[in-house]
Amino acid sequence: MKHSKKLGINSRLIHSGEFENPLGSATVPIYQTSTFIFESADHGAKCFSGEEDGYIYTRIGNPTIHALETLVADLETGTQGIATSSGMAAVNTIYMALLSKGDHIVSSAAVYGPSRVVMEQHWSRFGVESTYVNTANLDEVKAAIKPNTKMLYVETPANPTMDITDLVECAKLAHEHKMVLVVDNTFSSPYLQRPLELGADVVFHSMTKFLNGHADIVAGMIVTKDDALGKKLRSMMVTLGCNMDPHQAYMVIRGIKTLGIRIDRSQGNAMEIAAYLENHPKVAWVKYPGLKSHPQHELATRQMDGFGSMISFELKGGLKAGKILMDNVKVAILAVSLGGVETLIQHPASMTHSKVSAEAKAKAGITDGLVRYSVGIEDVEDLISDLEQGLDLV
Ligand SMILES: *Cc1c(COP(=O)(O)O)cnc(C)c1O
């Protein structure tokens, strides 16, 4: 790595990441190739045996993708990054590499819908058991651990309830019970939270969200600080064939350069919007970690370098009122996903979490009236007046 970790995070966003650069290009070149030429038959054999470093085939490794993997590994203070085609590819690579028939996983009940659905509907067919609890409550986690529990899987802040889980305590608990702690860090990005520093073994991202930040790419990344664990995950990604594409990697590298200024701005906007909603007579409740009313506000202050830009709230009129608001906003876009420059509004119960069972949703606190709002970098006055005119119609 050209630059040491002594640089501040905003400098590392721009300058970290390894790439060979014989022509002195200022940005990372896109190596749009599926395969690489060997110098000789012997060289090819040595690349395969691992005696020599060298690129072989893009599913196994590619210089543009490597630049992104080393960049995100550095930001997360890990040692290895494994890029994947999507966030869900990262989830399934982790499940498949680290869980076997007869194993059990304890996970946050409020998680990204598909990462729970794939476990309960598909991994269960291969004999992996799962228990979903509110990981913000450590007693619930403890009570769920069984002799065959191999993984504690946490999303914090949780999607879409914004509950905060104590990662230091979870890491202690996981390691006492010889489990790996896996953290979905999508909602915070390494700019706001670095789970590996807090004791997690594996951290991953849907880079579709904050890291890329421009709603134009789907991508994932797994990071570890343990070599053996990293090798296991990489070899599973290569075997599953859920690798990233070099062009996709280039786009994410480009997006990451502005992560700091995007988050500074969007979380500033979010704080103002959360306060506006909290004081609005038609709003029943607001969950934003930056509000003093958030149940884990203290923990969020300790664990994170900022409160992010995801807000969940419910109107007093419930779902019916929420629909009027969603159908009438004009600056915010009615769409799933999050973490981009543009503000998005959506309804988890019928959209992102629609395939989670009604009972599981209720238990996880995903109420029918919950509206999820991902704050972008627009002018905050415009976002507030947009909400205002929508709320007037309710
Ligand atoms: C979007 C998302 C995922 C899945 O990522 P994709 O890139 O859509 O496959 C996983 N976790 C969280 C928290 C997400 O928001």
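What counts and what doesn't
- Residues numbered from 1 in each chain as written.
- Predicted model: local features only at pLDDT ≥ 70, side-chain atom pairs only at ≥ 80, totals over all residues.
- Heavy atoms only, no water.
- Buried < 20%, exposed > 50% of the residue type's maximum accessible area, 1.4 Å probe, protein only.
- Helix = DSSP H or I, 4+ residues; strand = E, 2+ residues; numbered from the N terminus.
- Arc of directions from axis to C-beta.
- Contact = heavy atoms within 4.5 Å.
- Near = heavy atom within 4 Å.
- Polar contact = N/O pair within 3.5 Å; in protein donor to acceptor, adjacent residues only side chain to side chain.
- Areas by Shrake-Rupley, 256 points an atom, 1.4 Å probe, with all protein chains shown as cover.
- Nonpolar A, V, L, I, M, F, W, Y, C, P; charged D, E, K, R; others polar.
- Domains from an automatic or database assignment.
- Buried area = accessible area lost by both parts, 1.4 Å probe.
- Salt bridge = Lys/Arg side-chain N within 4 Å of Asp/Glu carboxyl O.
- Core = buried A, V, L, I, M, F, W, Y, C linked by side-chain atoms within 4.5 Å.
- Pairing = 2+ DSSP bridges.
- Patch = residues over 30% accessible without salt bridge, like charges linked within 9 Å, V, L, I, M, F, W, Y side chains within 5 Å.

(A) Quick peek at helix H12 (residues 318–328). Inspection of H12 places Gly318, Ala321, Gly322, Leu325 and Met326 among the buried residues, and these make up the whole buried set. The arc that holds the buried residues of H12, viewed along the axis, is 140°, so those residues lie on one side. The exposed set on the far side of H12, more than 90 degrees from its buried face, consists of Lys320 and Asp327. On its buried side, H12 packs onto strand E9 (310–315), strand E10 (333–334), strand E11 (344–346), strand E12 (370–374) and helix H14 (380–392).

(B) Spotlight on the site of the ligand. The environment of the ligand is made up of 14 residues, and the closest members are Met88, Asp184, Ser206, Thr208 and Lys209. At 2.9 Å, a backbone N or O of Gly87 approaches an oxygen atom of the ligand. Contact with the protein chains hides 93% of the accessible area of the ligand, taken as 380 Å² for the molecule alone. Taken together, the residues of the shell around the ligand break down into five nonpolar, six polar and three charged.

(C) Unusual backbone geometry, seen in detail. Residues Thr156 and Pro157 are joined by a peptide bond in cis, for which omega reads -10°. Here the bond from Asn159 into Pro160 is cis, since omega is 0°, no more than 30 degrees from zero. Checked against the element boundaries, Pro160 lands in the loop between strand E4 (149–155) and helix H7 (167–176). Not every positive phi belongs to a glycine, and Ser189 is a case in point at roughly 70°. By secondary structure assignment, the location of Ser189 is in the loop between strand E5 (180–184) and strand E6 (202–206). Phi at Ser337 is positive, roughly 85°, even though this residue is not glycine. Structurally, Ser337 is set in the loop between E10 and E11. The exposure class of Ser337 is partly exposed, given its relative accessible area of 24%.

(D) Representation of the domain arrangement of the protein. Parsing the protein into structural domains produces domain 1 (9–256) and domain 2 (260–392). Per-residue buried area on domain 1 facing domain 2 is highest for Ile164, Leu192 and Phe210; these three make up 23% of the total on that side. The tally of links from domain 1 across to domain 2 stands at two salt bridges. Between Arg194 and Asp305 there is a salt bridge; the shortest N-O distance is 2.8 Å. If you list the elements that add at least two residues to the side of domain 1 that touches domain 2, you get helix H1 (9–15), helix H5 (113–121), H7 and helix H9 (246–256). Examining the composition of the side of domain 1 that touches domain 2, we find that five residues originate from one element, H5, more than from any other. Grouping the constituent residues of the side of domain 1 that touches domain 2 by class yields 23 nonpolar, 15 polar and five charged.

(E) Broad picture of the nonpolar core. Counting 34 residues, the largest nonpolar core has Ile94, Tyr95, Leu98, Met151, Tyr153 and Leu233 as its most contacted members. Of all elements in the fold, only helix H4 (87–98), H5, E4, E5, E6 and helix H8 (227–240) reach the threshold of two or more residues within this core. Per element, the largest residue contribution to this core is seven residues, and it comes from H4. With residues near it in sequence (within four places) discarded, Leu98 still touches Asp103, Met151, Val180, Val202, Leu229, Lys232 and Leu233.

(F) Here's a closer look at the sheet that holds E12. An order of E8-E9-E12-E11-E10 is seen for the five strands of this open sheet, with the pairing classed as mixed. Here the strands that pair on one side only, and so sit at the sheet edges, are strand E8 (283–287) and E10. Sheet topology note: the E8/E9 ladder contains four bridges and is antiparallel. Residue pairing for E9: Val283 is matched across the bridge by Leu315.

(G) Structural context of a nonpolar patch on the surface. Together, Phe38, Phe48, Tyr57 and Ile60 make up a nonpolar patch on the protein surface, roughly 380 Å² of accessible area in all. Positionally, Ile60 belongs in the loop between helix H2 (41–49) and helix H3 (63–75). Among the residues examined, Ile60 registers a relative accessible area of 35% and is labelled partly exposed.

(H) Fine view of the pattern of salt bridges. Tallying each qualifying case throughout the model produces ten salt bridges. Note that Glu197 and Arg194 form a salt bridge whose closest N and O atoms lie 3.2 Å from each other. For Glu197, a relative accessible area of 49% corresponds to the partly exposed category. With a closest N to O distance of 3.4 Å, Arg265 and Asp379 form a salt bridge. Taken as a pair, Arg265 in helix H10 (residues 259–278) and Asp379 in the loop between E12 and H14 lie far apart in primary sequence, 114 residues in all. Residue classification places Asp379 among the partly exposed residues on the basis of a relative accessible area of 42%. When salt bridges that share partners are traced, they join Arg194, Glu197 and Asp305 into one network.

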